[in-house]
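An overview of the molecular structure
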Amino acid sequence: MFGDNLDRIVKAIEKNYEADEIFFTKPGLRFPSRTAIKNVIKMTRRVLFPGYFGDEMLSPKTSPSYFIGELLIQIERELREQIVIALTYTDDAHDRTLDIGECGECAPAHISARAAEVCTRFFDELPSIQRILLTDVQALYDGDPAAASKEEVIFSYPGLYAIYVYRLAHVLYEMDVPIIPRIMTELAHAGTGIDIGAGAQIGEYFFIDHGTGVVIGETTNIGDHVKLYQGVTLGALSTRGGQRLAGVKRHPTIEDNVTVYSNASILGGDTVIGEGSVIAGSAFVTFSVPPHSRVAVKEQEVTVLGPTERG
């Protein structure tokens, strides 16, 4: 019976709490809040694309300054708190003699200063992020005849949402903020089926159509005006090296004006797809391709059935 075994089960689980991965018994350690980070993503999207994702009613006759400033203050407060938690979590930043959890927003001076610095740089980057996102909107609109308007792209397209979250996460990744960039991109992955590593370098006018199943590895380099379709993988040849491969370029480089059609896989850190090339659907590429090339699988054969073979 369950009741007879309860004490034994409780003690066994409690013993497992001694593992480093369990925070419950470690004063001062908390994980960043997925809910708070999701809220940062939502509020920032309202700033960058006002009128689409909130109830604000802005017009050319009204100054948006108050709207922008008020939201940025809220975002900064929430983001800074999560950055403090993330920095406290890391071994190199955390003084385990301090119980951060019991002193509210109290944190060691070096963590508070670092969080403030990260926030300053992050918000300085927002105008640039917004400008690049508008090029992504243009690329999606130009590349999809089914798009009725750029407004529809902004409001509805999962590809743009995944790119948007990646561009926020990438700024934090570049500043060595732990955990939060991963949480951001995984939230987008869960919502769209598009998995973009926060460390990837992605240029302007980036196009992901349909998007489901797209995977872009952490060390991928992507140029300008690149188009990817559903099911594309830009991945590593092998990850059997585990943590020894951390920081090593293991994902491909895709140069400007490349198109990669659905379900193609391009693998390897030394693999370079030259400018202007086209990778056909379902291709498996582990080698570099010169500029203006076409990589295709064997042409499909078409056989016309005879009268006796037709179902």
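Structure: see above.
One structure accompanies this document, and this report is about it. (Residues numbered from 1 in each chain as written. Predicted model: local features only at pLDDT ≥ 70, side-chain atom pairs only at ≥ 80, totals over all residues. Heavy atoms only, no water.)

**Some remarks on the overall build of the protein chain**
Along its length, the protein chain carries seven helices and 14 strands. For the protein chain, buried positions account for 43% of its 311 residues. Here the protein chain displays about 17300 Å² of accessible surface, and carbon together with sulfur accounts for 53% of that area. (Helix = DSSP H or I, 4+ residues; strand = E, 2+ residues; numbered from the N terminus. Buried < 20%, exposed > 50% of the residue type's maximum accessible area, 1.4 Å probe, protein only. Areas by Shrake-Rupley, 256 points an atom, 1.4 Å probe, with all protein chains shown as cover.)

**Quick word on the packing of helix H4 (residues 109–143) against helix H6 (residues 158–174)**
At a minimum axis separation of 9 Å, H4 and H6 run at an interaxial angle of 155°. Classified by the angle between their axes, H4 and H6 sit roughly antiparallel to one another. Crossing geometry of H4 relative to H6 is assigned as right-handed. In this structure, H4 contributes Val118, Phe122, Glu125, Leu126, Ile129, Ile132, Leu133, Asp136, Val137 and Leu140 to the contact, and H6 contributes Leu160, Ile163, Tyr164, Arg167, Leu168, Val171 and Leu172. Residues of the contact of H4 with H6, tallied by class, amount to 14 nonpolar, no polar and three charged. (Axes fitted to C-alpha atoms, helices over the stretch in contact; angles between N-to-C directions. Parallel < 35°, antiparallel > 145°, perpendicular 65-115°, else oblique. Left-handed = near helix turned anticlockwise from the far one by under 90°. Contact = heavy atoms within 4.5 Å. Nonpolar A, V, L, I, M, F, W, Y, C, P; charged D, E, K, R; others polar.)

**A few points about the environment of Ala190**
Assignment of secondary structure puts Ala190 in helix H7 (residues 180–192). We classify Ala190 as exposed; its relative accessible area is 68%. Taking the C-alpha atoms as reference points, Ala190 and Ala162, separated by 28 residues in sequence, lie 10.0 Å from one another.

**Notes on the sheet that holds strand E13 (residues 284–285)**
On the basis of which strands lie adjacent, the open sheet formed by five strands has the order E1-E4-E7-E10-E13 and parallel pairing. Unpaired on one side and paired on the other, strand E1 (195–196) and E13 mark the two borders of the sheet. Here strand E4 (residues 215–216) runs beside strand E7 (residues 233–235); their pairing, made up of two bridges, is parallel. Across the sheet, the residue bridging to Val215 is Thr233, located in E7. (Pairing = 2+ DSSP bridges.)

**Comments concerning unusual backbone geometry**
Non-glycine residue Tyr205 carries a positive phi angle of around 55°. Topologically, Tyr205 is positioned in the loop between strand E2 (201–202) and strand E3 (207–208). The phi dihedral of Asn257 is positive, around 60°, even though this residue is not glycine. Summarising the element assignment, Asn257 is placed in the loop between strand E8 (253–254) and strand E9 (259–260).

**Looking at empty space enclosed by the protein**
Leftover empty space is mapped by rolling, across the atoms, a probe with the size of a water molecule. One pass over the full model with this rule turns up two cavities of 30 Å³ or more. In this structure, the second largest cavity encloses a volume near 30 Å³. Lining the second largest cavity are Arg45, Phe49, Phe53, Ile154, Leu160, Tyr161 and Tyr164. Element by element, the count of residues in the lining of the second largest cavity is highest for H6, at three residues. Considering only residue class, the lining of the second largest cavity consists of six nonpolar, no polar and one charged. (1 Å grid on protein atoms, 1.4 Å probe; cavity = no way out; pocket = protein on both sides within 12 Å on 5 of 7 lines; lining within 4 Å. Points joined across faces, edges and corners; volume = space filled by probe spheres on them.)

**Some remarks on the layout of surface pockets**
The space that makes up the second largest pocket amounts to roughly 270 Å³. Around the second largest pocket, the lining comprises 13 residues; the ones closest to its centre are Glu125, Ile129, Arg167, His170 and Val171. Going through the elements one at a time, H4, H6 and E2 are the ones with two or more residues in the lining of the second largest pocket. Considering only residue class, the lining of the second largest pocket consists of six nonpolar, three polar and four charged.

**Describing the sheet that holds E8**
The strands that make up a sheet pair up through hydrogen bonds in the backbone, lying either parallel or antiparallel. Here we have four strands laid out as an open sheet, ordered E2-E5-E8-E11, and parallel in their pairing. Sheet topology places E2 and strand E11 (272–273) at the edges, where each strand pairs with a single neighbour. Direction of pairing for E8 relative to E11: parallel, over a ladder of two bridges. Across the sheet, the residue bridging to Thr253 is Val272, located in E11.

**Thoughts on the pattern of salt bridges**
A full pass over the atoms with the stated rule returns seven salt bridges. Its salt-bridge partner being Arg80, residue Glu76 comes within 2.8 Å of it at the nearest N-O pair. Residue Glu76 and its partner Arg80 are both found in helix H3 (residues 65–89); the two are separated by four residues, about one turn of the helix. Taking the relative accessible area as the measure of exposure, Glu76 reaches 23% and is therefore partly exposed. Look at Arg80 and you get partly exposed, because its relative accessible area is 31%. (Salt bridge = Lys/Arg side-chain N within 4 Å of Asp/Glu carboxyl O.)

**Examining H3**
The end-to-end C-alpha distance of H3 is 36 Å, a good match for the 36 Å that 25 residues give at a rise of 1.5 Å each. Along H3, the residues classified as buried are Phe67, Leu71, Ile75, Leu79, Gln82, Ile83, Val84, Ile85, Ala86, Leu87 and Thr88. (Expected span 1.5 Å × (residues − 1).)

**Considering the side chain of Thr219**
Checked against the element boundaries, Thr219 lands in the loop between E4 and strand E5 (221–222). Once residues lying within four places of it in the same chain are set aside, the contact partners of Thr219 are Val248, Lys249, Arg250, His251 and Pro252.

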